[in-house]
Amino acid sequence: MDIPYLSRNFVRNMATQTVTLLTDWGNADHYAAVVKARLFAKMPDVRVVDISHSVPRSDIYAAAYMAIDSYPYFPEGTIHIVGVEDIATKDNVHLVVKFGQQFIIGTDNGFFTILQILSGKTMDLVYEIEVSKETKSFTFPARDLFPRVASMLSVGMPLDKIGKLSRLHSRVFDGPGLKVQRTSENINGNMTGMHLTGRVLFIDDFGNIITNITKKEYDACLEACPGGYEFKDMYVDLRRINGKIVDTYDNVPIAAPAFIFLENGFLEIAENKENFYKKMGIARGAKVIMRFGPKIK
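Computed from a predicted model, the values in this text were never measured in an experiment. (Residues numbered from 1 in each chain as written. Predicted model: local features only at pLDDT ≥ 70, side-chain atom pairs only at ≥ 80, totals over all residues. Heavy atoms only, no water.)

S.K.: Hey, could you run me through the nonpolar core in this one?
M.R.: Across soluble globular proteins, nonpolar side chains have a tendency to be buried as a group. Ranked by size, the top nonpolar core spans 31 residues in total, and within it Ile104, Phe111, Phe112, Leu115 and Met123 carry the most contacts. At the level of elements, α2 (60–70), β4 (94–99), α3 (111–119) and β9 (190–203) are the ones that each hand at least two residues to this core. Residue contacts for Ile104: discarding those within four places in its chain leaves Tyr71, His80, Val82, Leu95, Val96, Val97, Phe99, Phe111, Phe112 and Leu115. In terms of nonpolar packing, the next biggest core, distinct from the first, is built from 27 residues, Val46, Ile129, Phe146 and Leu153 among them. (Core = buried A, V, L, I, M, F, W, Y, C linked by side-chain atoms within 4.5 Å. Buried < 20%, exposed > 50% of the residue type's maximum accessible area, 1.4 Å probe, protein only. Helix = DSSP H or I, 4+ residues; strand = E, 2+ residues; numbered from the N terminus. Contact = heavy atoms within 4.5 Å.)

As structure tokens, this is what we get:
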């Protein structure tokens, strides 16, 4: 049975199809070029966009963050190929997923689960890919399988012609934790403050660290007390960071910490014109605590 999942404007002519690549292959080797060659062979006028080939090796958390921070800017009908931990296993199968009005081709290795949790959105449709690879190799699906699936999607082929209806199976069990914890501070039964506990989710090339704490959670803490709370201080990896909430880096002196809520809603911790990561030696997964207390009158 064909599944009518595309709007009238959703099926794009091959001449205008956009395909993105998000991988951990690095830029020294030829792997990205080979995948692009496969895409061009199947869709001669395709527009290929390199989101990044510098995802830390096998880091599906970083990949999911990059996806959240970039996918919304692409047009309806864009096809995203994810080449991070993409070799299929018995439990981690290859998937094609409809996410909003875009498609993602990748592996059920936890990436899609993290993407759902961080974005607060569920995958609209999940299909296990059943079309065959173009070689006998099992080590490079982004070359031997994903471009074929992308070319099928580009001409509007229904998902049930590419695979079978499925669901996400991979769960995320490792330490960093994706859900921010909100905890009250009490003395003799009276609430005296509150804190948010999150984690370092991503570290960019400038040395800025992005946490999983969001502006929505921050605002909820400010409003948790009838009289109102205010932000007091920040701890990263159990070290107190003397900074303040600002709109941009230049709102603090050079080399001073800046706490900025990005357009995507996530909290970034940075230093004006300095590399906060190198100075502090922070690793992904490090604990981040924001403390709140009553407003000082």
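Picking up after the structure, the text goes on.
S.K.: So what exactly am I meant to see when it comes to the side chain of Lys98 here?
M.R.: Note that Lys98 resides in strand β4. A distance of 3.0 Å separates a polar side-chain atom of Lys98 from the backbone oxygen of Gly100. (Polar contact = N/O pair within 3.5 Å; in protein donor to acceptor, adjacent residues only side chain to side chain.)

S.K.: Can you walk me through helix α1 (residues 31–42) in this structure?
M.R.: Every α-helix winds through 3.6 residues per turn, so residues three or four apart in the chain are directed the same way. The end-to-end C-alpha separation of α1 is 17 Å, in line with the 16 Å expected for twelve residues at 1.5 Å each. Along α1, the residues that are buried comprise Ala32, Val35 and Leu39. One face of α1 carries all of its buried residues, which in axial projection span an arc of 65°. On its buried face, α1 is in contact with β1 (18–23), β2 (47–52), β3 (79–83), α4 (141–144) and α5 (146–154). (Expected span 1.5 Å × (residues − 1). Arc of directions from axis to C-beta.)

S.K.: What exactly am I supposed to notice about the pattern of salt bridges here?
M.R.: Two side chains bearing opposite charge may form a pair once their charged atoms approach each other closely. Evaluation of the coordinates by the stated rule reveals eleven salt bridges. Across the pair Asp59 and Arg284 runs a salt bridge whose closest N-O atoms are separated by 3.1 Å. Of this pair, Asp59 sits in the loop between β2 and α2 while Arg284 sits in the loop between α7 (276–280) and β16 (287–294), placing them 225 residues apart in sequence. The class of Arg284 is partly exposed, set by a relative accessible area of 29%. (Salt bridge = Lys/Arg side-chain N within 4 Å of Asp/Glu carboxyl O.)

S.K.: What is the right way to look at the packing of aromatic side chains in this model?
M.R.: The geometry of an aromatic ring pair comes down to the distance between the two centres and the angle between the two planes. Inspection of the entire model under this criterion finds nine aromatic pairs. The interplanar angle of 80° and the centroid separation of 5.2 Å between the aromatic rings of Phe111 and Phe112 together place this pair among those described as edge-to-face. Comparing Phe111 with Phe112 shows no difference in burial state: the two are buried. Ring centres of Tyr218 and Phe292 lie 5.6 Å apart, and the angle between their planes is 55°; this geometry places the pair in the tilted category. With Tyr218 in helix α6 (residues 215–222) and Phe292 in strand β16, this residue pair connects regions lying 74 residues apart in the sequence. Phe292 gets classed as buried once you look at its relative accessible area, which sits at 1%. (Phe/Tyr/Trp six-rings, centres within 6.5 Å; stacked < 30°, edge-to-face > 60°.)

S.K.: Explanation requested: the confidence of the model for the protein chain in the structure shown.
M.R.: Low pLDDT means the predicted atomic positions in that stretch should not be read closely. Taken as a whole, the protein chain shows an average pLDDT of 89; of its residues, 90% reach a score of 70 or greater. Note that pLDDT drops below 50 for residues 1–15; the model gives that stretch 40 contacts with residues more than four away or on any other chain. (pLDDT = per-residue confidence, 0-100.)

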